[in-house]
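Observations on the three-dimensional arrangement
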Amino acid sequence: MARIFSGIQPSGELHIGNYLGAVKNWTHLQETHPGAIYCVVDYHAITGAYDPAVLRARRWGMAKSLLAAGIDPAKASLFMQSDVPEHTELSWIFTTITPLGDLERQTQFKDKSSKMESIPAGLLMYPVLQSADILLYRADSVPVGEDQVQHLELARDTSRKFNAKFGVEYFPEPKPLLTPTRRIMGLDGNAKMSKSLGNTVGLLESDEEIWQKLRPAMTDPQRVRKSDPGRPEVCNIFQLHKAFSAEPTVEHVRQQCETAGWGCMDCKKVLHEGMVQELTPIRRRAEALDAEPQRVLDALASGAATARGLAQETMRQVREIVGLDGLSLPA
Ligand code: ADP
């Protein structure tokens, strides 16, 4: 059966882009693939400037939010990447077989580094560590959003290069598992929703906070007056309806938009209702975890123990393959 692995950075709050693009799928996959592995990739969150106290709080917040979103520690392993040091060990081995040019070509690296005066090498090496995150568990299926597809191509190259260099069939070639909502835009409609762009709707925000963000959100730019018919397919709000509203509501919304029956504000109100319905139970679970924080620690400890066991076994085999296993007296 496919081995599922995926990770998320604790660089900010869990937002609806992460949820619809990846995390909601994680909760489905844990039902069909017992032993799925989900990781808060905290080593990835330190490639830019950051405050250690803020990082600590965000690591906690991300673990709690993932549990609230439905990750079940009885079905899947949830842990902190930095609790399993084998991630960085395998990453070093992969840096020795990764061409520099392949890393410099990564879109995320080009975008992020173009805005920096001094580029940390960690930003460039990020996809190598990501390949190690996945292949450490010899995972072949990775539920992620569309922005990660290029990084996964690199992980497949890494796997192929390792196997070819050492003449083994050891690592699988991990493939992305995408959802229909593989790319959620920020509410300004200009860029993908992302923690680093500050254009997110947090999964744990209150109904009122969500409404305050939805109200001014970008819709079809050609729809200037309420009487103008709208184009649902180009409207970000309609895309969110597809994720949060029931099928008959989505069809009704499409019709009302195209015939100018509803104004954008009517449409946003109905979206808000759908969001409240889906997000309220998640917020309630987060509140329950706030009241019982030991449950977060227990989940992470048991997840890390499982992950460490798998990771140590992989590294034992990898050390043997690459010639770094324990020495014995010459025969
Ligand atoms: P962010 O871009 O907010 O920092 P991460 O890089 O930690 O998020 O990504 C965590 C997961 O969420 C990945 O699988 C990523 O592909 C997915 N994801 C992030 N932003 C979006 C988005 N706007 N739409 C769909 N999926 C997304």
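Above this note sits the structure.
Residues numbered from 1 in each chain as written. Predicted model: local features only at pLDDT ≥ 70, side-chain atom pairs only at ≥ 80, totals over all residues. Heavy atoms only, no water.

**Side note on the overall build of the chain**
Rules: We count a stretch as a helix when DSSP gives it H or I for four or more residues in a row; a strand needs E for two or more, and each element gets its number in order from the N terminus. Here the radius of gyration uses the C-alpha set of atoms, whereas the globule reference equals 2.2 Å times the residue count to the power 0.38. Burial classes: relative accessible area under 20% of the type maximum marks a residue as buried, over 50% as exposed, and values in between as partly exposed (1.4 Å probe, protein chains only). All accessibility values rest on the Shrake-Rupley procedure with a 1.4 Å probe; residue burial counts only the protein chains present in the view. The charge count includes Lys and Arg as positive and Asp and Glu as negative, but it does not include His or the ends of the chains. By convention, the charge on Lys lies at NZ, on Arg at CZ, on Asp at CG and on Glu at CD.
Helix and strand content of the chain: 12 helices and five strands. Its C-alpha atoms give the chain a radius of gyration of 22 Å, near enough to 20 Å, the size a compact globule of 331 residues would have. Dimensions of the chain, computed from C-alpha atoms along their principal axes, come out at roughly 85 × 45 × 40 Å. In the chain, which comprises 331 residues, the proportion classed as buried is 49%. Per element, the accessible surface of the chain, about 15800 Å² overall, is 53% carbon and sulfur. Each charge sign in the chain was given a centre, from 38 positive and 41 negative side chains, and these centres are 2 Å apart.

**Side note on the nonpolar core**
If you look at soluble globular proteins, the nonpolar side chains tend to sit buried side by side. Our working definition: Side-chain atoms within 4.5 Å are what join buried Ala, Val, Leu, Ile, Met, Phe, Trp, Tyr and Cys residues into a set we call a nonpolar core. The source of the domain bounds is an automatic or database domain assignment.
In terms of nonpolar packing, the biggest core is built from 52 residues, with I16, Y38, L66, F244 and M275 touching the most fellow members. In terms of residue count, the dominant contributor to this core is helix 11 (residues 264–291) (eight residues). Lining this core are residues from two domains, each supplying at least three of them: domain 1 (5–183 + 293–322) and domain 2 (207–288). Counting residues in hydrophobic clusters, the runner-up holds 34 residues, among them L152, Y170, F171 and A311.

**Let's talk about the sheet that holds strand 1 (residues 5–8)**
What counts is decided by this rule: Pairing between strands is defined by DSSP: at least two bridges between them are needed. Note on geometry: axes are lines fitted to C-alpha atoms, helical ones only across the stretch in contact, with angles between N-to-C directions running from 0 to 180 degrees. We call two residues in contact whenever any of their non-hydrogen atoms come within 4.5 Å of each other.
One open sheet accounts for three strands, arranged 1-2-3; its pairing is parallel. Here the strands that pair on one side only, and so sit at the sheet edges, are strand 1 and strand 3 (76–80). On average, adjacent strands in this sheet sit at an angle of 20° to one another, irrespective of strand direction. Where strand 1 lies against strand 2 (residues 36–40), four bridges are found, and the strand directions are parallel. If you follow I8 over to strand 2, its bridge partner there is V40. With respect to the sheet, helix 12 (residues 294–322) is in contact with strand 2 and strand 3, its orientation differing from that of strand 3 by roughly 95°.

**Things to note about the pattern of salt bridges**
Under the convention used in this document: Counted as salt bridges are all cases of a side-chain nitrogen of Lys or Arg within 4 Å of a carboxyl oxygen of Asp or Glu.
With the rule as written, the count across this model stands at 23 salt bridges. Of the charged contacts, one joins E173 and R160 as a salt bridge, the two residues approaching to 2.7 Å between their closest N and O atoms. Taken together, the residues span a long stretch of sequence, with E173 in the loop between helix 7 (149–166) and strand 5 (175–177) and R160 in helix 7 at a distance of 13 residues. Note that R283 and D207 form a salt bridge whose closest N and O atoms lie 3.1 Å from each other. Here D207 lies in helix 8 (residues 207–214) and R283 lies in helix 11, a separation of 76 residues in the sequence.

**Re the site of the ligand**
Inclusion rule: In this text, near means that some heavy atom of the residue lies within 4 Å of the molecule or strand in question. Side-chain atoms alone can form a polar contact between residues adjacent in sequence; in general such a contact is a pair of N or O atoms within 3.5 Å, and within protein one must be able to donate a hydrogen while the other accepts it. For this classification, Asp, Glu, Lys and Arg are treated as charged, while Ala, Val, Leu, Ile, Met, Phe, Trp, Tyr, Cys and Pro are nonpolar and the rest, including Gly, are polar.
Residues in close proximity to the ligand total 18 residues, the closest being H15, G145, D147, I184 and M193. Here H15 contributes a side-chain N or O atom positioned 2.7 Å from an oxygen atom of the ligand. Side-chain polar atom of D147 to an oxygen atom of the ligand: 2.4 Å apart, as the coordinates give it. When the ligand sits alone it has 540 Å² of accessible area, and the protein chains cover 95% of it. When grouped by side-chain class, the residues that make up the shell around the ligand number five nonpolar, eight polar and five charged.

**Re the environment of R160**
Accessibility expressed as a relative area gives 39% for R160, which makes it partly exposed. Separated by 10 residues in sequence, R160 and Y170 place their C-alpha atoms 9.3 Å apart.

**With respect to the environment of E278**
In this structure, E278 sits in helix 11. Put simply, E278 and S245 are 33 residues apart on the chain and 9.1 Å apart in space, counted from C-alpha to C-alpha. Those residues in contact with E278, other than ones at most four positions away along the chain, are Y19, K24, A243 and F244. In this structure the side chain of E278 is engaged in a polar contact, spanning 2.8 Å, whose partner is the side chain of Y19. At 3.1 Å, the side chain of E278 and the side chain of K24 are in polar contact.

**Thoughts on helix 9 (residues 236–244)**
Owing to its 3.6 residues per turn, the α-helix aligns residues three or four sequence positions apart on the same side. Buried residues dominate helix 9, accounting for seven of its nine residues. Every buried residue of helix 9 is accounted for by N236, I237, F238, L240, H241, A243 and F244. The inward-facing, buried residues of helix 9 contact helix 1 (16–32), helix 8, helix 10 (247–258) and helix 11.

**Quick word on the packing of aromatic side chains**
Quick note on the threshold: Centres within 6.5 Å are what make two rings of Phe, Tyr or Trp a pair, Trp counting through its six-membered ring; a difference in plane orientation under 30 degrees is then read as stacked, over 60 as edge-to-face, and the rest as tilted. A ring is considered to have a charge above it if a Lys NZ or an Arg CZ atom is located within 6 Å of its centre and within 35 degrees of its normal.
Scanning all chains against the criterion turns up eight aromatic pairs. Centroid distance F79 to Y137: 6.0 Å. Interplanar angle 65°. Geometry classified as edge-to-face. With F79 in strand 3 and Y137 in the loop between helix 6 (121–135) and strand 4 (141–143), this residue pair connects regions lying 58 residues apart in the sequence. For Y137, a relative accessible area of 3% gives the class buried. Members of the aromatic cluster, connected to one another through ring pairs, are F94, F162, F166, Y170 and F171. Note that R138 overlies the ring of Y170, its terminal NZ or CZ placed 3.8 Å from the centroid.

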